[in-house]
Amino acid sequence: MPATQISSRARTYALYTGAPHQTAYDAVAAVQPNAPLIPAPALHGQLILESEAFYWILNTQRHFFEYPFGIRYVQPTSHGIQLHLESNASLDSLLSGLLPCRSPMRSGRDEIYGLNGVRICARTDRGIELRRLGQPTSIRLTGPSRRAFQKAESALAERIQSNGGEACWLAGDAWTPYEKQWDTERQPIAYESTWRDAAWLPSGLLRRLGLLHTVAVPQVVTGHEARLGEWWVLQLEHDSDTGLRRAELVQALTDPHHGLPLELCGHRDLTPGGSLGLVLLKSPDRTAALQLRYDRIDYPIRKDRAEMFAAIRRRTSALTGEASLPAMPAMPGCSATG
């Protein structure tokens, strides 16, 4: 492949993944010319694992980070995905969401939180690799240092055990009895047929996470799923003087070559102090839908968060310009719950 073509494809890869230029260049140079830049998982088990991981990312990464969800960039391949975390803080919260644990309930049976049956299968100088028992799956986490991972993992296990729970990932190459029971009784939501049919959407969003800071300019992103995983909601909160860049994000998400099989079904403008801005995207086969919610919030900047907010402002101010979404009829289906 000519160097000019590699450079062009690397810019697109960096746009979708958030990867630094050299990392993007190396990734593109390693794939076949006609291969997709953002491949889908080759195995269904990997697809399901990534959909669950995205669910837990939405549930745990609700703090202020320099990059959305505290993930600087991702590196997807057909066999797995690597998440590059920005800091010790993002590492601490993400491990608490992904590593499985049995949590005691005040009433009723205990519950499993995190990725049931997942274990740390490898350790590197700057990270770990997660794999579900009995499956050739892979989610690699890279962060500040090996010591940061050891410290975060140790603190998490101690916190779980002090609360009467069980750090299941420490059980080694075997399911804990409660994990096995949880799995046998199909408690995980990922066993629902609706979830499995729609799992391509959260997995695809995870593999294109860079768009939330290379194309969009929110200061923070939160979200949740609804309807057993058929609907996914991302709330993009902006400060008062940055553009929303809705059209740019929609264009990238629906791009026929690098985006997802989604169609713009409607949108509603943001009314400050009133209604949220909404954008509704649905798949042609109606297996999944993505709702983007837009709001403007000027958060008070405490002294202990001043450095973080300054980093966020540098990121959001680097992108300027804003296109308009196409005019569309009123959108009765774009409610808060879908």
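Relevant structure appears above.
What comes next is a walk through the structure. (Residues numbered from 1 in each chain as written. Predicted model: local features only at pLDDT ≥ 70, side-chain atom pairs only at ≥ 80, totals over all residues. Heavy atoms only, no water.)

## Describing the overall build of the protein
Link 1 in the chain: In terms of helices and strands, the protein carries 11 helices and 13 strands.
Link 2 in the chain: Relative to the 2.2 N^0.38 estimate, which gives 20 Å for 338 residues, the radius of gyration of the protein is 20 Å and therefore close to what a compact globule would have.
Link 3 in the chain: If you line up the protein on its principal axes, its C-alpha atoms span 55 × 50 × 50 Å.
Link 4 in the chain: In the protein, which comprises 338 residues, the proportion classed as buried is 53%.
Link 5 in the chain: Restricting the contact set of the protein to residue pairs at least 6 apart, pairs at least 24 apart contribute 65%.
Link 6 in the chain: As displayed, the protein offers around 15500 Å² of accessible surface, 50% of which is attributable to carbon and sulfur atoms.
Link 7 in the chain: Across the protein, 36 positive and 34 negative side-chain charges occur, with their mean positions spaced 2 Å apart. (Helix = DSSP H or I, 4+ residues; strand = E, 2+ residues; numbered from the N terminus. Rg over C-alpha atoms; globule rule 2.2 N^0.38 Å. Buried < 20%, exposed > 50% of the residue type's maximum accessible area, 1.4 Å probe, protein only. Contact = heavy atoms within 4.5 Å. Areas by Shrake-Rupley, 256 points an atom, 1.4 Å probe, with all protein chains shown as cover. Lys, Arg positive; Asp, Glu negative; His and termini not counted. Charge placed at Lys NZ, Arg CZ, Asp CG, Glu CD.)

## Thoughts on the pairing of strand β10 (residues 231-238)
Link 1 in the chain: The element β10 is extensively covered by neighbouring structure, given that 8 of its 8 residues are classed as buried.
Link 2 in the chain: The alternating pattern of β10 places Trp-231, Val-233, Gln-235 and Glu-237 on one face and Trp-232, Leu-234, Leu-236 and His-238 on the opposite face, and all of these are buried.
Link 3 in the chain: Inspection of the sheet shows strand β9 (residues 220-226) paired to β10 by 7 bridges, in the antiparallel sense. Opposite His-224, over in β10, you have Val-233 as the bridge partner.
Link 4 in the chain: Pairing between β10 and strand β13 (residues 289-296): 8 bridges, direction parallel. By the bridge assignment for β13, Leu-234 is matched with Leu-292. (Pairing = 2+ DSSP bridges.)

## Considering the pattern of salt bridges
Link 1 in the chain: Enumeration according to the criterion identifies 12 salt bridges in this entry.
Link 2 in the chain: Residues Asp-110 and Arg-102 are paired through a salt bridge, measuring 2.6 Å at the closest nitrogen-oxygen approach. For the pair Asp-110 and Arg-102, one class covers both residues: buried.
Link 3 in the chain: Between Arg-313 and Asp-239 there is a salt bridge; the shortest N-O distance is 2.8 Å. (Salt bridge = Lys/Arg side-chain N within 4 Å of Asp/Glu carboxyl O.)

## Details of the nonpolar core
Link 1 in the chain: Formed by 80 residues in total, the largest nonpolar core has its most connected members in Leu-83, Leu-141, Leu-249, Leu-290 and Leu-292.
Link 2 in the chain: Of all the elements, helix α3 (residues 44-60) adds the most residues to this core, at 8 residues.
Link 3 in the chain: Apart from the residues within four sequence positions on either side, Leu-141 is in contact with Leu-83, Leu-94, Leu-95, Leu-98, Arg-126, Gly-127, Ile-128, Leu-130 and Phe-149. (Core = buried A, V, L, I, M, F, W, Y, C linked by side-chain atoms within 4.5 Å.)

## Digging into the packing of α3 against helix α4 (residues 88-98)
Axis angle and axis distance: for two packed helices, these are the angle between their axes and the distance between the axes, and together they describe the pair.
Link 1 in the chain: Where α3 contacts α4, the axes come no closer than 9 Å and their chain directions differ by 130°. As judged from the angle between their axes, α3 and α4 are oblique. As for the relative orientation of α3 and α4, their crossing is right-handed in sense. Here Ala-53, Trp-56, Ile-57 and Thr-60 of α3 lie close against α4, whose contacting residues are Ser-93, Leu-94, Ser-96, Gly-97 and Leu-98. (Axes fitted to C-alpha atoms, helices over the stretch in contact; angles between N-to-C directions. Parallel < 35°, antiparallel > 145°, perpendicular 65-115°, else oblique. Left-handed = near helix turned anticlockwise from the far one by under 90°.)

## What about the packing of α4 against helix α5 (residues 146-162)?
Link 1 in the chain: As a packed pair, α4 and α5 sit with axes 10 Å apart at the nearest point and diverge in direction by 45°. Taken together, the axis directions place α4 and α5 in an arrangement best described as oblique. For the crossing formed where α4 meets α5, the hand is right-handed. Counted together, Asn-88, Leu-91, Asp-92, Leu-95 and Ser-96 of α4 and Ala-148, Phe-149, Ala-152, Glu-153, Leu-156 and Arg-159 of α5 form the full contact between these two elements.
Link 2 in the chain: Counted by class, the contact of α4 with α5 contains 6 nonpolar, 2 polar and 3 charged residues. (Nonpolar A, V, L, I, M, F, W, Y, C, P; charged D, E, K, R; others polar.)

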